[in-house]
Amino acid sequence: MYLKVLLQEIWRSGIDWDEHIEKQHYTKWRHWLSFLRRLETVSIPRCYRRAVTDREFCEVQLHDASENGYAAVAYFRCQEKENIECALITSKTRVAPLRLDTPSRAPSSCNRIETG
């Protein structure tokens, strides 16, 4: 979501396609690039469960929102005695619209997040 918000900030600044971006945006861009290199170390298993046993399952969804946008993640949490495993199912992010609605027109809740 960091990159989506950054691109939206650059768009809001009114910059033309052939102009240099402001220093604050360039600094954020370089920070994102350095973070991108660390993604090689992330590993997400394809399988939701490592072993077939008699476990208790819970589907958990976390939602987070700010003035920049919102995010949601759904995952399985499996527990067997003291061993707990979590498996990512899906996630979604959305940035806030460029046009800020007035309070009378603002929605009272987040839109439904669909995958597919």
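Cut-offs applied
Residues numbered from 1 in each chain as written. Predicted model: local features only at pLDDT ≥ 70, side-chain atom pairs only at ≥ 80, totals over all residues. Heavy atoms only, no water. Helix = DSSP H or I, 4+ residues; strand = E, 2+ residues; numbered from the N terminus. Buried < 20%, exposed > 50% of the residue type's maximum accessible area, 1.4 Å probe, protein only. Areas by Shrake-Rupley, 256 points an atom, 1.4 Å probe, with all protein chains shown as cover. Pairing = 2+ DSSP bridges. Axes fitted to C-alpha atoms, helices over the stretch in contact; angles between N-to-C directions. Parallel < 35°, antiparallel > 145°, perpendicular 65-115°, else oblique. Left-handed = near helix turned anticlockwise from the far one by under 90°. Contact = heavy atoms within 4.5 Å. pLDDT = per-residue confidence, 0-100. Salt bridge = Lys/Arg side-chain N within 4 Å of Asp/Glu carboxyl O.

Side note on the overall build of the protein chain
Thought 1: Looking only at helices and strands, the protein chain has 2 helices and 3 strands in total.
Thought 2: Starting at the N terminus, the α and β elements of the protein chain follow one another as α-α-β-β-β.
Thought 3: Buried positions account for 15% of the 116 residues belonging to the protein chain.
Thought 4: For the protein chain, the accessible area works out to roughly 10,000 Å², and carbon and sulfur atoms hold 53% of it.

Describing the pairing of strand β2 (residues 69-80)
Thought 1: Where β2 meets strand β3 (residues 83-95), 12 bridges bridge the pair, whose relative direction is antiparallel. When the bridges of β3 are listed, Tyr75 appears paired with Leu88.
Thought 2: Hairpin geometry of β2 and β3 is characterised by an intervening segment of 2 residues between the two adjacent antiparallel strands and by a positive phi of about 55 degrees at Lys81.

Here we look at the environment of Arg94
Thought 1: On the secondary structure map, Arg94 appears in strand β3.
Thought 2: Along the primary structure Arg94 and Ala65 are separated by 29 residues, whereas in three dimensions their C-alpha atoms are 9.4 Å apart.

Section: the packing of helix α1 (residues 2-12) against helix α2 (residues 23-37)
Thought 1: Where α1 contacts α2, the axes come no closer than 11 Å and their chain directions differ by 160 degrees. The pairing of α1 with α2 is recorded here as roughly antiparallel in orientation. Crossing angle aside, the handedness with which α1 passes α2 is left-handed. Facing α1, whose interface residues are Tyr2, Leu3, Leu6, Glu9 and Ile10, α2 presents His25, Lys28, Trp29, His31 and Trp32.

A look at the confidence of the model for the protein chain
Thought 1: With 72% of its residues at a pLDDT of 70 or more, the protein chain shows a mean pLDDT of 76.
Thought 2: By mean pLDDT, strand β1 (residues 56-66) is the weakest element of the protein chain at 66, and α2 is the strongest at 91.

Quick notes on the pattern of salt bridges
Thought 1: Going through the model one piece at a time under the given rule, you end up with 1 salt bridge.
Thought 2: Notably, a salt bridge pairs Glu9 with Lys28, separated by 3.0 Å at the nearest N-O pair. Here Glu9 is found in helix α1, whereas its partner Lys28 is found in helix α2, with 19 residues between them in sequence.
Thought 3: Classification of Glu9 by relative accessible area gives partly exposed; the value is 25%.
Thought 4: Since its relative accessible area comes to 31%, Lys28 is described here as partly exposed.

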